[in-house]
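# Coordinate inspection notes
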Amino acid sequence: MNAVPNITLNDGNAIPQLGFGVFQIEPRDTAKAVSEALEVGYRHIDTAEMYGNEKEVGEAIQASGLDRDDVFVTSKLNNGSHEPHDAREAFDTTLSELGFDHVDLFLIHWPLPTLYDGDFVSTWRTLEEFHRDGRATSIGVSNWQIEHLERLAAETDIVPAVNQIEVHPYLTNNAVREYGREHQIATEAWSPIAQGKVLDDPTITQIAYKVGETPAQVVLRWHIQRGDIVFPKSVTPSRMKENFELFDFEIEPADMDAITALDRGEDGRTGPNPDTFAYIPG
Ligand SMILES: NC(=O)c1ccc[n+]([C@@H]2O[C@H](COP(=O)([O-])OP(=O)(O)OC[C@H]3O[C@@H](n4cnc5c(N)ncnc54)[C@H](OP(=O)(O)O)[C@@H]3O)[C@@H](O)[C@H]2O)c1
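Scope of this entry: the structure provided in the associated data block.

Analysis parameters
- Residues numbered from 1 in each chain as written.
- Predicted model: local features only at pLDDT ≥ 70, side-chain atom pairs only at ≥ 80, totals over all residues.
- Heavy atoms only, no water.
- Pairing = 2+ DSSP bridges.
- Helix = DSSP H or I, 4+ residues; strand = E, 2+ residues; numbered from the N terminus.
- Expected span 1.5 Å × (residues − 1).
- Buried < 20%, exposed > 50% of the residue type's maximum accessible area, 1.4 Å probe, protein only.
- Arc of directions from axis to C-beta.
- Right-handed = clockwise from strand over helix to strand, strands pointing away.
- 1 Å grid on protein atoms, 1.4 Å probe; cavity = no way out; pocket = protein on both sides within 12 Å on 5 of 7 lines; lining within 4 Å.
- Points joined across faces, edges and corners; volume = space filled by probe spheres on them.
- Nonpolar A, V, L, I, M, F, W, Y, C, P; charged D, E, K, R; others polar.

### Points about the sheet that holds strand β9 (residues 186–190)
- Ordered in space as β3-β4-β5-β6-β7-β8-β9-β10, the 8 strands form an open sheet in which the pairing is parallel. At either margin of the open sheet sits one strand with a lone partner, and together these are β3 (20–21) and β10 (229–230).

### Quick look at helix α3 (residues 84–98)
- Taking 1.5 Å as the rise per residue, α3 with 15 residues should run 21 Å; its terminal C-alpha atoms sit 21 Å apart, in good agreement.
- Residues of α3 that are buried include every one of Ala87, Ala90, Phe91, Thr94, Leu95 and Leu98, and no others. An end-on view of α3 places all buried positions within 135 degrees of arc, on one side of the element. Turned more than 90 degrees away from the buried face of α3, the exposed residues are His85 and Ser96.

### As for the side chain of Thr126
- Considering the arrangement of structural elements, one finds Thr126 in helix α4 (residues 121–132).
- For Thr126, a relative accessible area of 1% corresponds to the buried category.

### A few points about the pairing of strand β6 (residues 103–108)
- The buried count for β6 comes to 6 of 6 residues, which makes it a mostly enclosed element.
- Summarising the sheet, strand β5 (residues 72–77) and β6 pair through 4 bridges and their orientation is parallel. When the sheet's bridge partners are listed, Leu77 is paired in β6 with Ile108.
- In this structure, β6 lies alongside strand β7 (residues 136–142), joined through 5 bridges in parallel fashion. Bridging across to β7, Phe106 finds its partner in Ile139.
- Where the polypeptide runs from β6 across α4 and back to β7, its parallel neighbour, the crossover connection is right-handed.

### Quick word on empty space enclosed by the protein
- Per the counting criterion, the structure on display carries 1 cavity of 30 Å³ or more.
- The computed volume of the largest cavity comes to approximately 30 Å³.
- Taken together, the residues that form the lining of the largest cavity break down as 4 nonpolar, 3 polar and 2 charged.

And the structure:
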């Protein structure tokens with residue numbers, strides 16, 4: 001059974017809990033990978049301007065013959081475009097690259113609190129415009145820490161629908177997830193298998209052996225049972241299928257706890273720290 005559940009966001013929009021991520025897929029390989037993922041059954045694609053492959057994502061969806069409404073598409077505002085005027089231009093470009101009149105979800109990719117005089121609030125207000133004019137069905141943030149979310153709550157009108165953050169067994173990120181749960185902000189877990197780094201962990205391989213699934217399936221199922229949204233990336237069709245088969249088994253509570261206990265806090269972080277990340281692509 002591969003029925004992917006939907007999660008209802010705080011604005012009423014429904015998002016498939018399992019999707020397909022396209023970070024680090026070369027533009028020339030992206031249309032093929034997305035076509036294969038759609039063939040497997042994925043109906044949620046996570047891209048970003050920074051990934052350089054929005055055009056190929058749009059081409060694959062259009063070539064699939066699926067209705068646009070049957071595929072949930074997320075993209076993200078790039079780090080160099082936080083000024084409102086630049087954000088409006090960048091969003092127009094995202095839509096024209098994808099070849100769509102709307103995205104299902106548009107995120108601010110990074111908060112960049114050390115850039116733009118620390119002003120991510122006016123960037124968020126610009127995303128509110130895209131939501132109000134209907135071109136972004138939902139809007140959200142990515143890599144936001146609790147203090148960034150608190151500032152938006154104090155100074156803006158719309159609560160982000162999602163916060164897309166690094167989460168996997170070595171960085172459970174539970175404080176940020178908990179803030180999200182309390183404020184109706186869904187957590188999207190990026191690098192859900194830590195780009196493969198957690199798959200050899202003995203706790204995970206033992207649980208995988210016990211339940212008769214692969215380590216990747218166990219880790220992805222752990223995220224699903226925690227209620228987070230995931231979109232593992234793979235250019236390998238057999239792995240795309242493997243990562244999609246998460247709904248015919250369960251991890252028992254003691255094993256859920258054992259995986260959560262693998263948390264290494266900040267030492268487990270594989271990507272940049274959102275408090276200090278200040279990269280503007282050239
Ligand atoms: N918002 C952000 O700042 C941010 C940052 C990072 C990622 N993301 C999003 O999250 C998505 C997923 O994260 P990610 O791409 O960093 O990492 P990931 O999904 O945790 O891992 C992808 C890596 O694991 C391998 N892999 C996939 N399935 C596997 C399996 N079943 N068994 C063994 N290896 C497997 C892939 O190899 P092959 O491709 O060679 O098969 C690839 O090298 C991204 O694509 C992107 O959409 C967002």
